[in-house]
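Residue-level structure breakdown
The primary structure of each chain is shown beneath.
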Amino acid sequence: MPLILTIESTCDETAAAVINDRLEVLSAVVASQEKFHEQFGGVVPEIASRAHVERILPVIDSALRKAGVRLSDLDAVAVANRPGLAGSLLVGLMAAKTLALAGNLPLIAIDHLQAHIYACRLAAGKDVFPCIGLIVSGGHSNIYRCETPLDFTPLGGTIDDAAGEAFDKVASMLGLGFPGGPALQRAAEQGDPKKFRLPRPLLDDDSRLEFSFSGLKTAVRYQLFGAGKPEMNAATLDPQLVADMAASVQAAIIDCLAGKAMLALQQTGFQRLCIGGGVAANRPFRERMERLAAERGIELHIPPLSLCTDNAVMGAIALEKYNAGQFATLDLEISAGLERPHLARST
Amino acid sequence: MRRSGGSLTRGYHFEHETLMDTFDFLTTSEADTERLGAALAATLPGGTTVALIGTLGAGKTRLVQAFAAAHGVPREAATSPTFVLVNEYQGRLPIYHFDAYRLRDDDEFIELGPEEYFESNGVTFVEWADRVERCLPREYVEIRCEAVGETSRQFTLAARGKGIAAIVEAISRSLR
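Residues numbered from 1 in each chain as written. Chains lettered and ligands numbered in written order. Predicted model: local features only at pLDDT ≥ 70, side-chain atom pairs only at ≥ 80, totals over all residues. Heavy atoms only, no water.

All names here are of chain A. Spatial ordering of the open sheet is given by β8-β7-β6-β9-β10, a layout of 5 strands whose pairing is mixed. Two strands lie at the open edges of the sheet, namely β8 (151-157) and β10 (299-301), each paired on one side alone. Direction aside, neighbouring strands of the sheet carry axes that sit 20° apart on average. Pairing analysis gives 6 bridges linking strand β6 (residues 131-136) to strand β7 (residues 141-148), with the strands arranged antiparallel. The residue bridging Val136 from the neighbouring strand is Ser141, located in β7. (Pairing = 2+ DSSP bridges. Helix = DSSP H or I, 4+ residues; strand = E, 2+ residues; numbered from the N terminus. Axes fitted to C-alpha atoms, helices over the stretch in contact; angles between N-to-C directions.)

With that settled, consider the side chain of A:Lys321. All names here are of chain A. Mapping Lys321 onto the fold places it in helix α10 (residues 317-324). Among buried charged residues, Lys321 stands out as having no salt bridge; its nearest opposite-charge side chain is Asp111, 7.7 Å away. If near-sequence neighbours (up to four positions away) are discounted, Lys321 is found in contact with Arg82, Ile108, Ala109, Leu150 and Gln326. (Buried < 20%, exposed > 50% of the residue type's maximum accessible area, 1.4 Å probe, protein only. Lys, Arg positive; Asp, Glu negative; His and termini not counted. Salt bridge = Lys/Arg side-chain N within 4 Å of Asp/Glu carboxyl O. Contact = heavy atoms within 4.5 Å.)

Residue and element names in this part refer to chain A. Viewed as axis vectors pointing N to C, helix α4 (residues 163-173) and helix α7 (residues 239-268) meet at an angle of 175°, and their least axial separation amounts to 11 Å. As summarised for this structure, α4 and α7 are arranged roughly antiparallel, according to the angle between their axes. Of the residues in α7, those in contact with Ala163, Ala166, Phe167 and Val170 of α4 are Val249, Gln250, Ile253 and Leu257. (Parallel < 35°, antiparallel > 145°, perpendicular 65-115°, else oblique.)

Residues and elements named next belong to chain A. Split into domains, chain A comes out as domain 1 (4-116 + 308-324) and domain 2 (127-305). A straight line from the C-alpha centre of domain 1 to that of domain 2 covers 29 Å. If you look at the interface, domain 1 gives 11 residues, while domain 2 gives 16 residues. At the boundary of domain 1 with domain 2, total buried surface from both sides reaches about 1100 Å², with 70% on carbon and sulfur atoms. When residues of domain 1 are sorted by the area they lose upon contact with domain 2, Leu113, Gln114 and Cys308 head the list and together hold 55% of the total. The tally of links from domain 1 across to domain 2 stands at 0 salt bridges. If you look at where domain 1 meets domain 2, you find 4 residue pairs in polar contact (both at pLDDT 80 or more). Secondary-structure elements contributing two or more residues to the side of domain 1 that touches domain 2 are α3 (112-124) and α10. (Domains from an automatic or database assignment. Buried area = accessible area lost by both parts, 1.4 Å probe. Polar contact = N/O pair within 3.5 Å; in protein donor to acceptor, adjacent residues only side chain to side chain.)

This paragraph deals with unusual backbone geometry. Residue and element names in this part refer to chain A. Cis geometry is adopted by the peptide bond preceding Pro83, which originates at Arg82 and carries an omega value of -20°. As for its placement among the helices and strands, Pro83 is situated in the loop between β4 (76-82) and α2 (86-103). For the bond from Phe129 to Pro130, the omega torsion is 0°, close enough to zero to count as cis. Note on placement: Pro130 falls in the loop between α3 and β6. Despite not being glycine, Asn104 shows a phi value in the positive range, around 50°. Residue position: Asn104 is located in the loop between α2 and β5 (107-111).

Here we come to the UniProt feature "binding site: Fe cation" (unreviewed entry) in chain A. All names here are of chain A. The positions that UniProt labels "binding site: Fe cation" (unreviewed entry) are, in the present scheme, His112, His116 and Asp310. Spatially, the listed residues are clustered: although they cover 199 residues, their C-alpha atoms lie within 8.8 Å of one another. Within the annotated group, the residues that form the lining of the second largest cavity are His112. Mapped onto the elements of the fold, His116 is located in helix α3. (UniProt positions renumbered as here; feature names shortened; annotations may be inferred. 1 Å grid on protein atoms, 1.4 Å probe; cavity = no way out; pocket = protein on both sides within 12 Å on 5 of 7 lines; lining within 4 Å.)

All names here are of chain A. Taken as a whole and assessed by the stated rule, the structure comprises 23 salt bridges over all chains. Residue Glu165 pairs with Lys169 through a salt bridge whose shortest N-O separation is 2.8 Å. Separated by 4 residues within a single helix, Glu165 and Lys169 lie in helix α4, roughly one turn from each other. Owing to a relative accessible area of 2%, Glu165 belongs among the buried residues under this scheme.

Now for the pairing of strand β4 (residues 86-90) of chain B. All names here are of chain B. Two elements, β4 and strand β5 (residues 94-99), share 5 bridges in a ladder whose sense is antiparallel. Within the sheet, the bridge partner assigned to Tyr89 lies in β5 and is Ile95. Linking two consecutive strands that pair antiparallel, namely β4 and β5, is a turn of 3 residues.

Written out as structure tokens, the structure is:
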């Protein structure tokens with residue numbers, strides 16, 4: 001029975017999981033959710049590759065122990081080697097290569113964004129391909145055409161800020177704290193989403209499956225604090241005004257995400273939509289997508305939150321590569337950047 | 001001084017007893033921003049670091065996009081590095097695009113290995129550079145960005161370090 005160890009370190013999370021050939025999760029460890037504090041001298045840094053270096057071995061060790069397997073029981077080691085932060089990716093890749101070499105195990109390369117889509121396959125417990133994949137998180141806002149678990153084509157993405165980044169930054173401007181997504185959603189519950197007219201760039205352009213969220217910051221600033229060089233002190237804002245702006249911003253972001261997801265479905269003729277990434281936790285976004293899917297007869301998949309945020313379980317996509325014999329060699333490198341439609345077309 | 005595309009105000013300021021060459025460039029349209037990006041692309045030699053300072057929505061990322069576009073990098077390829085901390089684009093020179101917004105201290109920045117980028121033959125931009133000022137190279141171009149209206153931005157360019165004055169002078173000249 002093939003067992004695969006999967007490693008994830010593309011951004012801030014260090015994670016590892018053990019998956020079997022029936023896609024059963026034998027163990028799943030995410031560093032930020034574990035009580036590793038004592039091992040790290042009481043401080044768990046959130047950013048930077050040093051944190052990954054400190055966590056990676058305890059995380060892998062913990063995943064193996066929880067699964068009740070030893071290195072010698074594994075049949076392959078899989079690692080997300082793109083896209084992400086170079087230093088962080090390197091830590092995961094070096095760990096995976098070392099284990100592969102030491103254990104004489106095949107190495108499998110995972111695309112982090114494809115893995116996010118595959119989380120829908122895991123949560124659904126059945127095939128979800130072909131589908132349109134939409135990944136919305138702090139670092140990514142991308143749309144993929146997913147023919148099979150091994151055949152992804154990028155269709156578009158953000159041309160500036162990611163959707164989650166827009167939530168975070170506007171929340172910060174509104175004095176709502178961090179993480180911005182949940183804080184903004186909470187504030188928006190008391191607000192009127194039609195109170196402020198905000199831009200929905202590119203939404204009306206049916207020729208582009210792209211997002212642009214950076215203009216929201218300017219619009220919010222201008223409408224709340226005025227022109228010139230205002231003192232932007234969120235503490236001086238009326239709470240109702242903050243709630244109305246939060247609701248308006250949330251509505252603008254959701255309109256863009258929903259609009260482009262529907263456009264991608266329409267253009268490809270696909271009937272399934274798979275959504276991943278932390279922004280999928282936003283309730284009004286989920287509700288909008290559920291409503292649209294019901295209206296249009298679209299099969300919608302959004303995994304539970306633990307599979308939406310960064311994790312190693314979604315690295316189970318490695319099983320598809322294992323079965324297809326798609327293995328990497330030990331000279332596998334990282335690729336920090338995003339695969340772009342125009343790049344895909346030119347190669 | 002009003003100009004067809006963007007306006008330029010030039011001046012010398014005394015600060016910390018060092019003569020600094022600085023000038024302001026006011027942009028009122030996307031075309032103006034592209035023009036400033038092109039001027040930077042035409043004048044910044046490889047190995048230059050640009051410190052970008054300004055609040056959310058001030059136009060920092062947009063300016064790097066304009067610079068990258070003038071280097072032949074498609075606009076959509078140059079995105080906000082807030083989450084990934086550093087982006088790399090291949091223009092006529094390598095372009096490195098840092099963002100210190102999420103970083104909590106100098107150590108987290110140092111860990112990204114910025115010196116290697118500063119000393120490379122590429123052009124390195126650092127957004128939120130004021131948060132990691134002590135980690136910047138000895139000499140760099142400082143650009144302060146401010147939103148002065150919904151579509152207008154004021155960019156204040158200043159030479160930090162003796163060797164940079166000539167570069168800032170060249171940028172200013174190419175915008176005239």
